[in-house]
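Chain residues, written in single-letter form:
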Amino acid sequence: MAPMSRSCWALPCLALFASAVCAGAPNIVVLFADDLGYGDLGVFGNPTIRTPNLDWLAAEGLRMTSFYSAPSCVPARVQLLLGRYPSRARVRGTSVGGKGGIPAELTTLPQALRKVGYRTAMAGKWHLGYARPEYLPVGKGFDRWFGLPYSNDMIKPWVQTDEPLWLYRNAERVEHPVDQDQLTMRYTAEVVDVIREESDRPFFAYLAYSMPHLPLRTAGRFRGRSRAGLYGDVIEAIDWSAGEIMKALDDAGKRDDTIVVFTSDNGPWLNLPDRMLSGGVVPWHAGSPGPLRGAKHTTYEGGVRVPMVVRWPGTVPPGTVTAEMGATLDLYATLIAAGGGGIPEGSDGHDLTGLWAGRTGRSPRLDFIYHRGSQVQGVRSGPWKLRAVDGVELFHLDVDPSERYNVANEQPEIVAELRGRLERFRAQVEPQSGGAPQ
């Protein structure tokens, strides 16, 4: 008899990480900017900020022009890492002085990927709980973490707190004060180290930039390079980071078996609160929503719709663009499926692989619920968006992406249908939702 094949279908795959290894699962890199607007990248129309590496990433993959996150920091991370709408996750108390975090019964993206054999690593901003070790990234599925527990402005003079902002390595506080000028470069180095590691197991690397959240900081080598001022300098540093990560993948021979995703947590922080206008921060230290209305902390498109590009060789055709809907919720589902895992019960995400690969021209995401914190404020279904905040607004986003024309009075039947959907969703979640907007 011939010796038993060591191919995956013949091997029982009983080892801890057998599922991912046997499936030949791809490596995964997620680059998640903070407060970067829809119009801040060259490939999304910015006239002065140069982003050649991210533009190239889009040319090598897919650009989604109707991709949704949430309008502020914590809800955006809930959607990405838990695959649930904020009103259904009950994550609270995660900022400076808070005592909360992710409930133990919810499965994070790294936990789901680690279960099928992935090495998992994070660099950057967490903002999902830090008061107890089990709330930190290394307690929620990441093998290693280097970064900040919450936003970089949560120190004086912007936030009146005496709690120091510490830089962490795993569960240990390792540095204070933090030189924020170096954060983008140091986070990038951490991910490059993960890419260079030799292992038979695939990796998931999550780089959650602290920038361009205010206060803006970047290394001296990037200052004065952009025609768009300090904000442009910070974005161009992030673009450099993306280029370094792609170079590391190339050098390690992993470029063609790695999914790389770039997106942002929410739109630009315009109309700053008074507390932020100190310590060198000025109103023009913010990005652009492009053609969209609104900004961070609003459920207009400029606060929630973000740039998104994905490169996945052999699956995503190069140079493609879609206006079909997708969301950070769907990254959760799609990446778990790509890694060979089962999407946890209760997820609000959809597997976008068929859309990304061009096997279908339609997204499985047929609607999207807009949240401000845990508060439900609107719904999109197809091209129609109903926003119910201090009155009712209805927009046809295919012909009016800038939300200039409220046509609620002209379309009472559509208003009634979408209002019904919104009320049914609210009835399901509001008795159990919690947490303040962050």
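Now for a description of the structure that goes with this document.

Quick word on the overall build of the protein
- Looking only at helices and strands, the protein features 10 helices and 14 strands.
- On C-alpha atoms alone, the protein measures out to a radius of gyration of 21 Å, which is about the 22 Å that the 2.2 N^0.38 rule sets for 438 residues.
- In terms of principal-axis extent, the alpha carbons of the protein reach across some 75 × 50 × 45 Å.
- A buried classification covers 58% of the 438 residues belonging to the protein.

Some words on helix α3 (residues 73-82)
- A large share of α3 lies buried, amounting to 10 of its 10 residues.
- Those residues of α3 lying buried are Cys73, Val74, Pro75, Ala76, Arg77, Val78, Gln79, Leu80, Leu81 and Leu82.
- Taken together, the buried residues of α3 touch β1 (27-33), α4 (109-115), β7 (203-208), α8 (328-338) and β11 (367-372).
- In the stretch just after α3, Gly83 is the one whose phi turns positive, near 65 degrees.

Quick look at the layout of surface pockets
- Taken as a whole, the second largest pocket spans an internal volume of roughly 190 Å³.
- Every element with two or more residues in the lining of the second largest pocket is listed here: β11 and α10 (412-429).
- Among the elements that make up the lining of the second largest pocket, the one with the highest residue count is α10 (four residues).
- Here the residues of the lining of the second largest pocket sort into three nonpolar, one polar and four charged.

Notes on unusual backbone geometry
- Across the junction of Lys156 and Pro157, the peptide omega takes the value 10 degrees, indicating a cis bond.
- Looking at the secondary structure, you find Pro157 in the loop between β4 (144-147) and β5 (167-169).
- For the bond running from Leu214 to Pro215, omega is 0 degrees, close enough to zero to count as cis.
- Relative to the helices and strands, Pro215 is located in the loop between β7 and α6 (229-251).
- Here Asn170, not a glycine, exhibits a phi torsion of approximately 60 degrees, which is positive.
- Here Asn170 shows up in the loop between β5 and β6 (172-175).
- Within the chain, Asp390 stands out as a residue other than glycine whose phi angle is a positive 55 degrees.
- Inspection of the secondary structure puts Asp390 in the loop between β13 (384-388) and β14 (392-396).
- Given the relative accessible area of 84%, Asp390 is considered exposed.

Examining the sheet that holds β14
- Spatial ordering of the open sheet is given by β11-β12-β13-β14, a layout of four strands whose pairing is antiparallel. In this open sheet, the two strands that pair with only one neighbour each are β11 and β14. The average angle at which neighbouring strand axes cross in this sheet is 20 degrees, direction not considered.
- As defined by bridge partners, β13 adjoins β14 across five bridges and the pair is classed as antiparallel. Bridging from a neighbouring strand, Lys385 pairs with Phe395 of β14.
- Its contacts with the sheet place α10 against β11, β12 (375-381), β13 and β14, and it is angled at close to 135 degrees to β12.

Rules and cut-offs
- Residues numbered from 1 in each chain as written.
- Predicted model: local features only at pLDDT ≥ 70, side-chain atom pairs only at ≥ 80, totals over all residues.
- Heavy atoms only, no water.
- Helix = DSSP H or I, 4+ residues; strand = E, 2+ residues; numbered from the N terminus.
- Rg over C-alpha atoms; globule rule 2.2 N^0.38 Å.
- Buried < 20%, exposed > 50% of the residue type's maximum accessible area, 1.4 Å probe, protein only.
- Contact = heavy atoms within 4.5 Å.
- 1 Å grid on protein atoms, 1.4 Å probe; cavity = no way out; pocket = protein on both sides within 12 Å on 5 of 7 lines; lining within 4 Å.
- Points joined across faces, edges and corners; volume = space filled by probe spheres on them.
- Nonpolar A, V, L, I, M, F, W, Y, C, P; charged D, E, K, R; others polar.
- Pairing = 2+ DSSP bridges.
- Axes fitted to C-alpha atoms, helices over the stretch in contact; angles between N-to-C directions.

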